[in-house]
Amino acid sequence: MKISDILSQKKLSVSLEIFPPKKQTSYDSVIDAAMKLCSLSPDFMSITYGAGGSTKRNTADIANELQTKGGVTALAHLTCVGASKESISSVADNLAARGIENVLVLRGDIPQPDEKGNMPEGFFDAWQTDGYAHASDLVQVLKADGRFCIGGACYPEGHPESRNRDADIENVKYKVEAGCDFLTTQMFFDNDMLYSFLYRLQSKGIHVPVLAGIMPITQASQVQRMIKLSNAYIPRKLLMLVDKFADNPAALKQAGIAYATDQIIDLISNGIRGIHIYTMNKPDVASAIMSNISDIITAVNA
Ligand code: FAD
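Residues numbered from 1 in each chain as written. Predicted model: local features only at pLDDT ≥ 70, side-chain atom pairs only at ≥ 80, totals over all residues. Heavy atoms only, no water.

Draft legend 1. Main features of the site of the ligand. The full set close to the ligand counts 24 residues, and Tyr49, His77, Asp109, Tyr155 and Lys175 are the nearest of them. Within the contact set of the ligand, an oxygen atom lies 3.0 Å away from a backbone nitrogen or oxygen of glycine 108. Within the backbone of alanine 135, an N or O atom sits 2.9 Å from an oxygen atom of the ligand. In the complex, 83% of the free accessible area of the ligand, which totals 990 Å², lies under the protein chains. Per-element tally for the shell around the ligand: the top contributor is helix α7 (residues 165–178), with three residues. Of the residues in the shell around the ligand, the class split is eight nonpolar, eleven polar and five charged. (Near = heavy atom within 4 Å. Polar contact = N/O pair within 3.5 Å; in protein donor to acceptor, adjacent residues only side chain to side chain. Areas by Shrake-Rupley, 256 points an atom, 1.4 Å probe, with all protein chains shown as cover. Helix = DSSP H or I, 4+ residues; strand = E, 2+ residues; numbered from the N terminus. Nonpolar A, V, L, I, M, F, W, Y, C, P; charged D, E, K, R; others polar.)

Draft legend 2. Quick look at the sheet that holds strand β2 (residues 44–47). Spatially, eight strands are ordered β1-β2-β3-β4-β5-β6-β7-β8 in a closed barrel, and the strand pairing comes out parallel. Neighbour to neighbour, the strand axes of the sheet diverge by 30 degrees on average, direction disregarded. Note: strand β3 (residues 74–79) against strand β4 (residues 102–106), four bridges, orientation parallel. Across the sheet, histidine 77 pairs through a bridge with leucine 104, a residue of β4. Sheet strands in contact with helix α6 (residues 135–145) are β3, β4 and β5 (149–154), and its direction is about 150 degrees off that of β4. (Pairing = 2+ DSSP bridges. Axes fitted to C-alpha atoms, helices over the stretch in contact; angles between N-to-C directions. Contact = heavy atoms within 4.5 Å.)

Draft legend 3. Seen up close, the pairing of strand β6 (residues 182–185). Alternating residues of β6 divide into Phe182 and Thr184 and Leu183 and Thr185, and every residue in both groups is buried. One ladder, built from four bridges, connects β5 with β6; its direction is parallel. What sits directly across from alanine 153, in β6, is threonine 184. For the crossover from β5 across α7 to β6, the handedness is right-handed. As defined by bridge partners, β6 adjoins strand β7 (residues 210–214) across two bridges and the pair is classed as parallel. Looking across to β7, one finds that leucine 183 is bridged to valine 210. Each parallel crossover has a hand, and for β6 linked through helix α8 (residues 191–203) to β7 it is right-handed. (Buried < 20%, exposed > 50% of the residue type's maximum accessible area, 1.4 Å probe, protein only. Right-handed = clockwise from strand over helix to strand, strands pointing away.)

Draft legend 4. Structural detail: helix α9 (residues 220–230). For α9, every residue scored as buried is listed here: Gln222, Val223, Met226 and Ser230. Seen from one end, α9 has its buried residues packed into an arc of 105 degrees, which puts them on one side. Facing away from the buried side of α9 by more than 90 degrees, the exposed set consists of Gln224 and Lys228. In this fold, the buried residues of α9 make contact with α10 (236–245). (Arc of directions from axis to C-beta.)

Draft legend 5. Highlighting unusual backbone geometry. Even without being glycine, serine 41 reaches a positive phi, approximately 55 degrees. As for its position among the elements, serine 41 is in the loop between α2 (27–38) and β2.

Geometric values such as these leave the question of function open.
If you want it as structure tokens, here you go:
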């Protein structure tokens, strides 16, 4: 099913996320986590994509298994950094052949030089001569292709490379005009960041559905990583609970789940219609949050 149809039919949608195996995890363990997430009945699930195509087969395989075995609509991420137009086109064909109708189109992060200042060998060759510079360039092509419902990323606190937030919103507008059917936000930990961002999107005439990205913080090490990755503002309340329970993993997990639940309930109370939970292959965390909001989801969708 196309996600645009899910979003127009439901008053509230909740989606979850899975990432393909990294070196230390096996494909089977990821599928096991994915099936557990499917059993929580999300409206759809997204599958991340290693920039440069490092997970391209696994992303398509997992998306296929979510739909055929898990019975859940899949949203396959697809990045264009480090890739030629031809290779992206073959990934898109493979997704379509496997019945994947939804793609989250991204540029991907540009790799940092190593300690000697060298960039990964060959990474830029095909991309710079024959690739898509920005996500919007690929959005335009896949929109014209017509096979997919297309999502794009947006950043309530601004993308780290943007000159300023106004320039960032202009780029979001351009991406939506290129053909995005919906947007998913970068994680944020202060809901006011999202409300003010939505206001700015509206005032620029951007009216596609925006799914609010919520990342449950359940490990102390996540906080520094999240700040580095997303530049997200971490409210004092969240810093305090991480500090207080840093040495007690079970307590920190419980407190992180409560914080994410609280954020989600506030979003729903304020009329947000799409929640995307960055579940990070952790079915236990997703299950606890889904259970905390199950009656709320039923009530809103009644
Ligand atoms: P773009 O939309 O291309 O924007 C990148 C930068 O360029 C921004 O600063 C933007 O303002 C600017 N820009 C855009 N268009 C123009 C233009 N025409 N002219 C000048 N400047 C422009 N990464 C992965 O590797 N795999 C994933 O699966 C993945 N999933 C993600 C899911 C979500 C919901 C989000 C929010 C991020 C995800 N990322 C993923 C990270 C993402 O790839 C990075 O944040 C990346 O740096 C930007 O991707 P983008 O699609 O937003 O790029």
